[in-house]
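Tertiary structure, described
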Amino acid sequence: MTEPHDDLDAYALELDQAHIFHSWSAQAPAHAAAVSIKSGLGTRVWDYAGNEYLDFSSQHVNVNLGHQHPALLEAIRVQSQLLATISPPTANITRGEAAKRLAAIAPEGFNRVFFTNGGSDANENAMRMARLYTGRDKILSAYRSYHGNTGSSIVATGDPRRIPNEFARGHVHFFGPYLYRSEFWATTPEQESERALQHLRRVIEAEGAQTIAAVLLEPVPGTPGIMLPPPGYLAGVRELCDEQGILLIFDEVMCGFGRTGEWFAFDAFDARPDLVTFAKGVNSGYVPIGGVIIDDPIAAHFNDRVFPGGLTYSGHPLAAATVVASLDTIASEGVLEHVRDISENHLGPALHALAERHPSIGEVRGRGVFWALELVTDRATREPVPAATMGRIRAGLVERGLLPFVSENRIHVLPPCIVTPAEIAEAMEIYDAVLTLELG
Ligand code: PMP
């Protein structure tokens, strides 16, 4: 193995290949990470060889406030000097303040928070709450969704990676709206919304409403392609749930905390959930944390009934401190306003301009700092650009200094919320060059 003092970058990659068992990956060197990352600041990161990259994936779509934000680092320092860990059933002001701030940005009547380690276990616990509260079993979730990679959350996930788990029963999938490749032969957003709702109504009827505990969905599905809900869709789902006593869980793990220019993505789409799950952008991922924000009637259901759930690190104080700092920073630095301005005046127009130059961009969709470019070989047939080409596009972007998020035939454009117009212009040149090279 290379010695660290000879070539740090090579050492980092060799260590990674020799000793890390990689997630979502085969293990042979051919499948290994192509980039090392040593440090970061704001929208940029550096590898061990000193190469600089624009982080247009926000790592795992979580570094909403950018790398090394001083307020978050200071919160970790202060809390670590006071107390570095506590057990869950302990009253602690840092943890309490984190929950209080989450309640304050949630809709009226959401006052309690159940903390977890991340997004998957947030969804696990939300589903468990819904099942215990309703006394029903089934969970309906969308094809083209990602809800996590633990026992039930991976089965609720609606992508082909979901693995069978005979112990996770009662998961049923339905099609959510996706106008560009509509299952409903719809040609307008209104049609897509109406027909997707009709389809969901049929699924509920066919399954038996009295057996369904909850509908779980991402207000804006992230991993499967950033499909903004068409007009009336989320409100329509709410209505269907209300008619049948079904709870509505919004998974805000990826789309929350500024990503769409709102505290929660659902704030933009006029619908109220019963449970909200969160993680990632809640503290920019500096220390692992997630959780469930709970509507009062559901919380009250457990006043005298034990909720059988809990984790050693629920509401870990270092993580809670970063939640407080992160939510305070989003408010005090006007981050939501900044994201709206960036979206309307810089990122949105720049991506549409890119699409004008590149017929290979079949659709540009998104809002905030949450956009997808869907790449096609032909705009008329909408034939997806093949995987091999997408692989070269990914490599080309990295080579030119941009960390991308590439999934299937899409490039997701996901800079931190604090991205500047100059950084966007820089990124557009890189996307432009690579698309020209690979797709003409
Ligand atoms: N829900 C959504 C919408 C997500 O995007 C993710 C992670 N990509 C999760 C849940 C799972 O979160 P985690 O990886 O923190 O468990």
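Since the structure is predicted, the reported quantities are computational estimates derived from the model, not experimental observations.

1. Let's talk about the overall build of the protein chain
Counting its secondary structure elements, the protein chain contains 13 helices and 16 strands. Overall size of the protein chain, expressed as C-alpha extent along the three principal axes, is 60 × 60 × 45 Å. In the protein chain, buried positions account for 48% of the 440 residues. Across the protein chain, every contact between residues at least 6 apart in sequence was considered, and the portion connecting residues at least 24 apart equals 73%.

2. Quick notes on the sheet that holds strand β3 (residues 52-55)
Pairing within the open sheet is mixed, and its four strands lie in the order β1-β2-β3-β14. At either end of the open sheet lies a strand with only one pairing partner, and these are β1 (39-41) and β14 (402-403). Bridge count between β3 and β14: two bridges; the pairing is parallel. Residue pairing for β14: Leu-54 is matched across the bridge by Leu-402.

3. So, the sheet that holds strand β7 (residues 212-217)
Strand order in the open sheet formed by seven strands is β4-β10-β9-β8-β7-β5-β6, and the pairing between neighbours is mixed. Both edges of this open sheet fall to β4 (110-116) and β6 (171-174), since each of them pairs with a single strand only. Each strand of the sheet is rotated relative to its neighbour by a mean of 20°, with strand direction disregarded. Alignment of strand β5 (residues 138-142) against β6, held across four bridges, turns out to be parallel. Bridge pairing in β6 places Ser-141 opposite His-173. Across the sheet, helix α4 (residues 93-105) is in contact with β4 and β10 (290-295); its angle to β4 comes to roughly 130°.

4. Focus on the nonpolar core
If you look at the biggest cluster of nonpolar residues, it comprises 116 residues, and the most contacted ones within it are Ala-130, Ala-214, Leu-247, Leu-275 and Val-292. For this core, the element with the highest residue contribution is helix α10 (residues 317-332), accounting for nine residues. Taken domain by domain, the makeup of this core includes at least three residues from each of domain 1 (34-63 + 334-439) and domain 2 (70-332).

5. Here's the deal with unusual backbone geometry
A positive phi is found at Trp-185, a non-glycine position, where the angle reads about 50°. Summarising the element assignment, Trp-185 is placed in the loop between β6 and α7 (189-207). Its 8 C-beta neighbours within 10 Å are what place Trp-185 among the exposed residues. The residue Phe-257 is not glycine, and still its phi comes out positive at about 60°.

6. Some remarks on the domain arrangement of the protein chain
Domain boundaries in the protein chain define domain 1 (34-63 + 334-439) and domain 2 (70-332). Distance from the C-alpha centre of domain 1 to the C-alpha centre of domain 2: 26 Å. Counting from both sides, the interface comprises 25 residues of domain 1 and, opposite them, 22 residues of domain 2. Contributions of two or more residues to the side of domain 1 that touches domain 2 are made by α2 (58-61), α11 (335-357), β11 (361-367), β12 (370-378) and β16 (410-413). Of the residues assigned to the side of domain 1 that touches domain 2, the class counts are ten nonpolar, eight polar and seven charged.

7. Focus on the pairing of strand β9 (residues 275-278)
Burial along β9 is two-sided: Leu-275 and Thr-277 and Val-276 and Phe-278, pointing in opposite directions, are all buried. When strand β8 (residues 247-251) meets β9, the two strands line up parallel, connected through three bridges. Note on β9: the bridge partner recorded for Ile-249 is Leu-275. Across four bridges, the pairing between β9 and β10 is antiparallel. Within β10, the position partnered with Val-276 by the bridge is Ile-293.

8. Quick word on the confidence of the model for the protein chain
As a note on interpretation, predicted positions should not be read in detail where pLDDT is low. Summary statistics for the protein chain give a mean pLDDT of 96 and a share of 100% for residues scoring 70 or more. Mean pLDDT values over the elements of the protein chain span from 93, in helix α1 (residues 8-19), up to 99, in β9. Across the interface, the model reports ipTM at 0.99; the global pTM reads 0.98.

9. Observations regarding α11
Between its first and last C-alpha atoms α11 spans 31 Å; for 23 residues at 1.5 Å apiece the expected length is 33 Å, and the two agree. A bend of about 50° at Ser-343 is the largest found in α11. Where the residues of α11 are buried, they touch α10, β11, β12, β16 and α13 (421-439).

10. Some remarks on helix α8 (residues 233-244)
Over its twelve residues, α8 extends 17 Å from the first C-alpha to the last, a length consistent with the 16 Å expected when each residue adds 1.5 Å. Those residues of α8 that are buried are in contact with α7, β7 and β8. Of the residues trailing α8, Gly-245 is marked for its positive phi of about 65°.

11. Points about the packing of α7 against α8
At their nearest, the axes of α7 and α8 sit 9 Å apart, and the two run at 25° to each other. As summarised for this structure, α7 and α8 are arranged roughly parallel, according to the angle between their axes. Like other packed secondary-structure pairs, α7 and α8 cross with a definite hand, here right-handed. In this structure, α7 uses Ser-193, Ala-196, Leu-197, Leu-200, Arg-201 and Ile-204 to contact α8, whose residues at the interface are Tyr-233, Gly-236, Val-237, Leu-240 and Gln-244. Tallied by class, residues from the contact of α7 with α8 come to seven nonpolar, three polar and one charged.

Criteria and thresholds
- Residues numbered from 1 in each chain as written.
- Predicted model: local features only at pLDDT ≥ 70, side-chain atom pairs only at ≥ 80, totals over all residues.
- Helix = DSSP H or I, 4+ residues; strand = E, 2+ residues; numbered from the N terminus.
- Buried ≥ 20, exposed ≤ 12 C-beta atoms within 10 Å, placed from the backbone.
- Contact = placed C-beta atoms within 7 Å.
- Pairing = 2+ DSSP bridges.
- Axes fitted to C-alpha atoms, helices over the stretch in contact; angles between N-to-C directions.
- Core = buried A, V, L, I, M, F, W, Y, C linked by C-beta atoms within 7 Å.
- Domains from an automatic or database assignment.
- Nonpolar A, V, L, I, M, F, W, Y, C, P; charged D, E, K, R; others polar.
- pLDDT = per-residue confidence, 0-100.
- Expected span 1.5 Å × (residues − 1).
- Bend = angle between axes of the 7 residues up to and from the residue.
- Parallel < 35°, antiparallel > 145°, perpendicular 65-115°, else oblique.
- Left-handed = near helix turned anticlockwise from the far one by under 90°.

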